[in-house]
Amino acid sequence: MVCFPNAAGGIAQFHRWASRLPGVAVHAVELPGHGGKLGTPPLRDMNSVLAAVTPEIAELGPEPIVLWGHSMGATVAHAVARNLGEKYEITPHALLLAGRDAPWSSDFLPLFHTMNDADLWHSMVGFGGTPPEIADHADLLDLFLPVLRADLTVVEAYRTSAEPRLHCPVHVFTGRGDALVSSHGLAAWAEGTTEETRVHEFPGGHFFVHEDDGAPVLRVVRDLLLFPETAQ
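Residues numbered from 1 in each chain as written. Predicted model: local features only at pLDDT ≥ 70, side-chain atom pairs only at ≥ 80, totals over all residues. Heavy atoms only, no water.

Participant: Before we move on, can you summarise the pattern of salt bridges with the specific residues and values?
Facilitator: Overall, the coordinates contain six salt bridges when judged by the stated rule. One salt bridge connects Asp-117 with Arg-149, and the closest N-O pair in it is separated by 2.5 Å. Of this pair, Asp-117 sits in helix α4 (residues 117-127) while Arg-149 sits in helix α5 (residues 138-156), and the two are 32 residues apart along the sequence. For Asp-117, a relative accessible area of 43% translates into the label partly exposed. In this structure, Arg-165 and Glu-163 form a salt bridge, with 3.9 Å as the shortest nitrogen-oxygen distance. Residue Arg-165 is classed as partly exposed on the basis of its relative accessible area of 38%. (Salt bridge = Lys/Arg side-chain N within 4 Å of Asp/Glu carboxyl O. Helix = DSSP H or I, 4+ residues; strand = E, 2+ residues; numbered from the N terminus. Buried < 20%, exposed > 50% of the residue type's maximum accessible area, 1.4 Å probe, protein only.)

See below:
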C-alpha cells in the first residue's frame, strides 16, 4: 500500500500503520520539502509531483498496488493511479481516498494557496490537525507555511476530468463533520472508475483519520485489503 499524506503532512503516521496491517507492505511518499527532505524546494504542480513519484511506485510490482491518500494526498493518489495506467500499464488493485472531493466536481472552497500567511494559518488551525503551538516559534512557521502553500498550489491549480476512467474499485473515506468536502463531491468519485465505488463514513472532521489513533479507519482498511469480499 502506497500512502500519500495531507498537505504539509508527515509520513510518521504510516510507519505506525505498518505494524497494524499484518501482511501488507506499507510505503509512504515523502515529497521534496517535507520531513527528511526539508530544505529541498517543494513541488508546485501536479506534473512535477507525478514525475517525482510515479516511476518509483511503478517499480514496486509485481505485487498488487493499493493507493491511499488523505486530503491533498487523495487528489495525488488518483492522479498517480491514472499516470500508472497511462505510462506503465499498471492498474492499482484499489484506490482508498479520504477527506477530499473528486477534483472534477464543483469546488465550493476558497483558494487557500492565495491567502496571506495570517489567513492561511488561521484557516488551517481551524480545520484541526495542525499544531497551534507552531505559531509560537517563528522559525518553525517560516519553514511550515511555504511547504503548506506549495502543496495547496499543487491541488488547487490542478484541473482534470473524470475521463479517462480508472479500472479499479474506489473506496472513499469521510468524516461526518468534515467541512472541506460535500456529499456531491464525494459521490463524484464514482464517475472516475468503471468499477465499484463505496463511501465509508466515520465520526470526526477533516482529520477523522487520526481519531482514536486511527483505529476505526485502519479496521476498514485492513478488511478491504485482506478480506475484500466481506469488508463493510
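Participant: Account for the packing of helix α2 (residues 46-58) against helix α3 (residues 72-88), naming residues and giving values.
Facilitator: Running from N to C, α2 and α3 point in directions that differ by 65°, and their axes come no closer than 9 Å. Of the two possible hands of crossing, α2 and α3 adopt the one that is right-handed. Where α2 approaches α3, its residues Met-46, Val-49, Leu-50, Val-53, Thr-54, Pro-55, Ile-57 and Ala-58 are matched on the opposing element by Thr-75, Val-76, Ala-79, Val-80, Asn-83, Leu-84 and Tyr-88. By residue class, the composition of the contact of α2 with α3 is twelve nonpolar, three polar and no charged. (Axes fitted to C-alpha atoms, helices over the stretch in contact; angles between N-to-C directions. Left-handed = near helix turned anticlockwise from the far one by under 90°. Contact = heavy atoms within 4.5 Å. Nonpolar A, V, L, I, M, F, W, Y, C, P; charged D, E, K, R; others polar.)

Participant: So what's going on with the packing of α4 against α5? Which residues, and what values?
Facilitator: Each pair of packed helices gets described by two things: the angle between the helix axes and the distance between those axes. At their nearest, the axes of α4 and α5 sit 11 Å apart, and the two run at 80° to each other. The orientation of α4 with respect to α5, classified from their angle, is roughly perpendicular. Taking contact as the criterion, the partners of Asp-117, Leu-120, Trp-121 and Met-124 in α4 are, on α5, Leu-141, Phe-144, Leu-145, Leu-148, Arg-149 and Leu-152. For the contact of α4 with α5, the per-class residue count stands at eight nonpolar, no polar and two charged. (Parallel < 35°, antiparallel > 145°, perpendicular 65-115°, else oblique.)

Participant: Let's hear about the sheet that holds strand β3 (residues 66-70): which residues, and what values?
Facilitator: Read across the sheet, six strands follow the order β2-β1-β3-β4-β5-β6 without closing on themselves; strand pairing throughout is parallel. Strands with a single pairing partner mark the edges of an open sheet, and in this sheet they are β2 (27-28) and β6 (197-202). Sheet contacts for helix α1 (residues 12-20): β1 (2-4), β2 and β3; angle to β1, the most-contacted strand, approximately 150°. (Pairing = 2+ DSSP bridges.)

Participant: Requested: an account of helix α7 (residues 215-226), with residues and values cited.
Facilitator: The end-to-end C-alpha distance of α7, which contains twelve residues, comes to 16 Å, matching closely the 16 Å that a straight helix rising 1.5 Å per residue would cover. Within the sequence span of α7, burial applies to Val-217, Leu-218, Val-220, Val-221, Leu-224 and Leu-225. In an axial view of α7, the angular spread of the buried residues amounts to 160°, which keeps them on one side of the axis. For α7, the elements touching its buried residues are α1, β3, β4 (94-98), β5 (170-175) and β6. (Expected span 1.5 Å × (residues − 1). Arc of directions from axis to C-beta.)

Participant: Would you mind going over the pairing of β4 in detail, with residue names and values included?
Facilitator: Most of β4 sits out of view: five of its five residues are buried. Burial of β4 is two-sided: the residues Ala-94, Leu-96 and Ala-98 facing one way and the residues Leu-95 and Leu-97 facing the other way are all buried. Relative to β4, β3 runs parallel, the two sharing five bridges. By the bridge assignment, Trp-68 is partnered in β4 with Leu-96. Viewed along the sheet, the connection from β3 through α3 into β4 turns out right-handed. Relative to β5, β4 runs parallel, the two sharing four bridges. Residue pairing in the sheet places Ala-98 in a bridge with Phe-173 of β5. (Right-handed = clockwise from strand over helix to strand, strands pointing away.)

Participant: Explain the environment of Pro-62 residue by residue, including any values.
Facilitator: Position of Pro-62 among the secondary structure elements: in the loop between α2 and β3. The spatial distance from the C-alpha of Pro-62 to the C-alpha of Ile-90 is 9.4 Å, given a sequence separation of 28 residues.

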